[in-house]
Amino acid sequence: MARSRSQQAHERVLRAALDLFSARGIDATSMDAISQTSGVSKATIYNHWANKEALLMDAMMLIHGVNRDPEDVDSGDVRGDLITVLHRRPPDEYDAVRDRLMPAMVAYSATHREFGDAWRHRVMEPGRVLLKRILRRGMERKLLPSSLDLEAAMALLLGPLLYLKIFRGECPTKDMETRIVDSFWQSHAISGAPAPTRAPRRRTATK
C-alpha cells in the first residue's frame, strides 16, 4: 500500500532528527535544522510533534522497535522463557544510529530528568514488566522461591547485558543470555526445578 504524503513527511523528519541528534547532539539540534534537513516545514513538524522532546521520544522508540507492548511468552518453561525474552533485540537496521545516539541519549536523560523518567517508562519498563511476569509465574509454579526479590532479579538478569554494551561496547555473544539465566537459575531455583526443554529462538523486535 502506498504511503500518504503525511506518512512520508513523518518518516523524513524522524530520519533527519536521528541523523542530526547523533551527529550534533540533542541540545545542539534545533527544530529549524530538522526542518531544513528533512525538507518538511516547521508547521508540518509541529502538527506531528508538540516539541523537540516529543520528536526525540518517537525517534528513540523507532530505533528500539518499541511501538507496542512486548509480546508475552508462556511456553510452560519459565527458565526458557527468560532466555527467550533476553534474546530479543531491536531492529538490526538501526544498529549503527543507535550506537551513535545512545551516549548522547544517556547524557541528555541525566540532565533532563523529566524526559529521562518518561524514556525509562516508555522504552525500558515494558521489558522489565514482562520479565517480572515470567518470574512471578515461576514463583506461582513453585520453581522459584516466593521470597524472591524481583528488583534484585532484574539486576542479575539485565546487569550483565548492560555491562557488555555500555562498558565494553559489545553485543552479547549468542549464548550469553543462556549463561546469564543459567547462573541465575542455579542460584535461585528451588531444588528439583526442571531444566529447559528447548533452545529458544533469537527474537528481533519489530517496528
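Residues numbered from 1 in each chain as written. Predicted model: local features only at pLDDT ≥ 70, side-chain atom pairs only at ≥ 80, totals over all residues. Heavy atoms only, no water.

### Some remarks on helix α6 (residues 95-111)
Link 1 in the chain: In this model α6 runs 25 Å from its N-terminal to its C-terminal C-alpha over 17 residues, within 8% of the 24 Å that 1.5 Å per residue would give.
Link 2 in the chain: Remark: the principal bend of α6, roughly 35°, maps to L101, with a proline, P103, within the next four residues.
Link 3 in the chain: For α6, the complete set of buried residues consists of V97, R98, L101, M105, Y108 and S109.
Link 4 in the chain: In this structure, the buried side of α6 is in contact with α1 (5-24), α4 (52-63) and α7 (113-140). (Helix = DSSP H or I, 4+ residues; strand = E, 2+ residues; numbered from the N terminus. Expected span 1.5 Å × (residues − 1). Bend = angle between axes of the 7 residues up to and from the residue. Buried < 20%, exposed > 50% of the residue type's maximum accessible area, 1.4 Å probe, protein only. Contact = heavy atoms within 4.5 Å.)

### Considering the confidence of the model for the chain
Link 1 in the chain: Taken as a whole, the chain shows an average pLDDT of 85; of its residues, 85% reach a score of 70 or greater.
Link 2 in the chain: In this model residues 196-207 is a low-confidence stretch, pLDDT under 50, and it forms 41 contacts with partners more than four residues away in sequence or in other chains. (pLDDT = per-residue confidence, 0-100.)

### Section: the nonpolar core
Link 1 in the chain: I34, L55 and L56 are the most contacted members of the largest nonpolar core, which has 30 residues in total.
Link 2 in the chain: For this core, the elements supplying multiple residues, two or more each, are α1, α2 (31-38), α4, α6 and α7.
Link 3 in the chain: Contacts of L56, omitting those with residues within four sequence positions, involve F21, I26, M105, Y108 and F115.
Link 4 in the chain: With 25 residues, the next largest nonpolar core counts L130, L144, M154 and W185 among its residues. (Core = buried A, V, L, I, M, F, W, Y, C linked by side-chain atoms within 4.5 Å.)

### Observations concerning the pattern of salt bridges
Link 1 in the chain: The tally for this structure, following the rule as stated, stands at 13 salt bridges.
Link 2 in the chain: Among the salt bridges present, the one from E151 reaches R128, with a minimum N-O distance of 3.2 Å. With a gap of 23 residues between them, E151 in helix α8 (residues 150-167) and R128 in helix α7 connect regions that are remote in the sequence.
Link 3 in the chain: Two residues, K132 and E151, come together in a salt bridge whose shortest N-O distance is 2.4 Å. With K132 in helix α7 and E151 in helix α8, this residue pair connects regions lying 19 residues apart in the sequence.
Link 4 in the chain: We classify E151 as partly exposed; its relative accessible area is 43%. (Salt bridge = Lys/Arg side-chain N within 4 Å of Asp/Glu carboxyl O.)

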